[in-house]
Amino acid sequence: MASLSLKNISKTYPNGFQAVKNFNLDIADKEFIIFVGPSGCGKSTTLRMIAGLEEITEGELWIGNNLVNDVEPKDRDIAMVFQNYALYPHMTVYDNMAFGLKLRKTPKEKIDQLVQEAAKILDIVPLLDRKPKALSGGQRQRVAMGRAIVRNPKVFLMDEPLSNLDAKLRVQMRIEISKIHQSLEATIIYVTHDQTEALTLGTRIVVMKDGVMQQVATPIDLYTKP
Ligand code: ADP
Ligand code: ADP
């Protein structure tokens, strides 16, 4: 089970800047939470704290029944996808997707099975032997997604994963992401500026401003009620 609970979480960077202030949110298992808000309001910082890539200055982060403030990123059962893909340029698509599993000492046959399955879901089987530089932007984004889903994470963090894609691909990938949400049965936290993505994907939308959570509501309540 992957419910998440953010209890009064704050982040102060070493330079003294407070990027997130007293953030409180309970996220149910398998929710699709959308974060919206202007650039610099603390969305990425919050995601990075959940992933364990940024230390939590104050407050508690619970995943299921575990307090995870001091748990290493690799032991959190969380996968992340960013807008800039972050693929390893010298590795093939296959090796990019297998990397996180190798790191966790998954047996080779199991890795092969998981990579092939994910590649089928994302329609990238013919690309497995290519290097990232031989892929289009949309294909790279699929590989980045594949790297995350092979691990079958309970929690999936996506930071504007579609913002670098053209309009047509964005629509396609939005449908893929919806499918992934259903087939993985994962809890997803998703940052976007795109209102259509927020409306069609989200179970709830969190509105942030200046490091403060302003509002949390269902898409219908947020966009149709005054
Ligand atoms: P968003 O994702 O909503 O655009 P961020 O979480 O990236 O916002 O940033 C929130 C605020 O924290 C911004 O004002 C940003 O400049 C600041 N910030 C981000 N990283 C650091 C850092 N390492 N040190 C100091 N300030 C930072
Ligand atoms: P996962 O796919 O499980 O999220 P990552 O691929 O993000 O894991 O990598 C886990 C760790 O290994 C990170 O700390 C990352 O910096 C490091 N790492 C990943 N790939 C390389 C690489 N090609 N060279 C050096 N370090 C790497």
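The written sequence of each chain sets the order in which its residues are numbered from 1. To label them, take the chains in the order written and letter them from A, then take the ligands in the order written and number them from 1. Whole-chain, interface and lining totals are the exception, using all residues; otherwise, since this is a predicted model, local features are given only for residues with pLDDT of at least 70 and side-chain atom pairs are given and counted only at 80 or more. Based on all heavy atoms of the structure, the side-chain values leave hydrogens and waters out of the count.

As recorded in an unreviewed UniProt entry, the protein chain goes by the name Sn-glycerol-3-phosphate ABC transporter ATP-binding protein UgpC, listed as coming from Jutongia hominis.

1. Some points on the layout of surface pockets
Looking at the largest pocket, its volume works out to about 500 Å³. The method works on a 1 Å grid over the protein atoms by themselves. A cavity is a set of points holding a 1.4 Å probe that cannot get out, a pocket is an open set with protein on both sides within 12 Å along at least five of seven lines, and residues with an atom within 4 Å of a point line them. Forming the walls of the largest pocket are 20 residues, and the residues nearest its centre are I78, M80, R104, R147 and R151. The way it works is that DSSP assigns letters per residue, a run of H or I at least four long becomes a helix, a run of E at least two long becomes a strand, and they are numbered from the N terminus. For the lining of the largest pocket, the secondary structure elements donating two or more residues are β6 (78-81), α2 (93-103) and α4 (137-149). Counting residues per element, the lining of the largest pocket draws most heavily on β6, at 4 residues. Throughout, the ten residues Ala, Val, Leu, Ile, Met, Phe, Trp, Tyr, Cys and Pro are labelled nonpolar, Asp, Glu, Lys and Arg are labelled charged, and all others, Gly among them, are labelled polar. Across the lining of the largest pocket, the residue classes tally to 15 nonpolar, 1 polar and 4 charged. Grid points are joined across faces, edges and corners, and a volume is the space filled by probe spheres set on the points.

2. A word on the site of ligand 2
Whether a residue is near a molecule or strand is decided by its heavy atoms; if any one of them lies within 4 Å of it, the residue is near. Around ligand 2, the surrounding shell consists of Y88, H90, M91, F99, G100, L103, R104, R147 and R151. Taking R147, its side chain carries an N or O atom lying 3.2 Å from an oxygen atom of ligand 2. Here a polar contact is taken to be a pair of N or O atoms separated by no more than 3.5 Å, where protein atoms must pair a possible hydrogen donor with a possible acceptor and residues adjacent in sequence count only if both atoms sit in side chains. Here an oxygen atom of ligand 2 and a side-chain polar atom of R151 are 3.2 Å apart. Relative to its unbound accessible surface of 540 Å², ligand 2 loses 49% to contact with the protein. With 3 residues, the single largest contributor to the shell around ligand 2 is α2. Surface accessibility in these figures is a Shrake-Rupley result with a 1.4 Å probe; residues are shielded only by whichever protein chains are displayed.

3. A look at the site of ligand 1
Neighbouring ligand 1 are Y13, N15, F17, A19, P38, S39, G40, C41, G42, K43, S44 and T45. Taking G42, its main chain carries an N or O atom lying 3.0 Å from an oxygen atom of ligand 1. Between an oxygen atom of ligand 1 and a side-chain N or O atom of T45, the distance comes to 2.5 Å. With 3 residues, the single largest contributor to the shell around ligand 1 is helix α1 (residues 43-51).

4. Some details on the sheet that holds strand β4 (residues 58-63)
Across the sheet, which stays open at both edges, the 4 strands sit in the order β2-β1-β4-β5 with antiparallel pairing between neighbours. Every interior strand has two partners, whereas the edge strands, β2 (18-27) and β5 (66-67), have only one. Think of it this way: DSSP has to see at least two bridges between two strands before they count as a pair. With 5 bridges joining them, strand β1 (residues 4-12) and β4 adopt antiparallel strand pairing. If you follow K7 over to β4, its bridge partner there is E60. Contacts are residue-level and defined by heavy atoms, with any inter-residue pair within 4.5 Å sufficient. In this analysis an axis means a line fitted to C-alpha atoms, helices contributing only their contacting stretch, and an angle means the value between N-to-C directions, from 0 to 180 degrees. α1 rests against β1, β2 and β4 of the sheet, and its axis sits at about 120° to β1.

5. Focus on the pattern of salt bridges
Where charged atoms of side chains with opposite charge meet at close range, the side chains can pair. Take a side-chain nitrogen of Lys or Arg and a carboxyl oxygen of Asp or Glu: if they are within 4 Å of each other, that pair is a salt bridge. According to the stated counting rule, one finds 9 salt bridges in the structure shown. A salt bridge links K74 to D75; its shortest N-O distance comes to 3.7 Å. Salt bridges sharing common partners tie together K11, R48 and E54.

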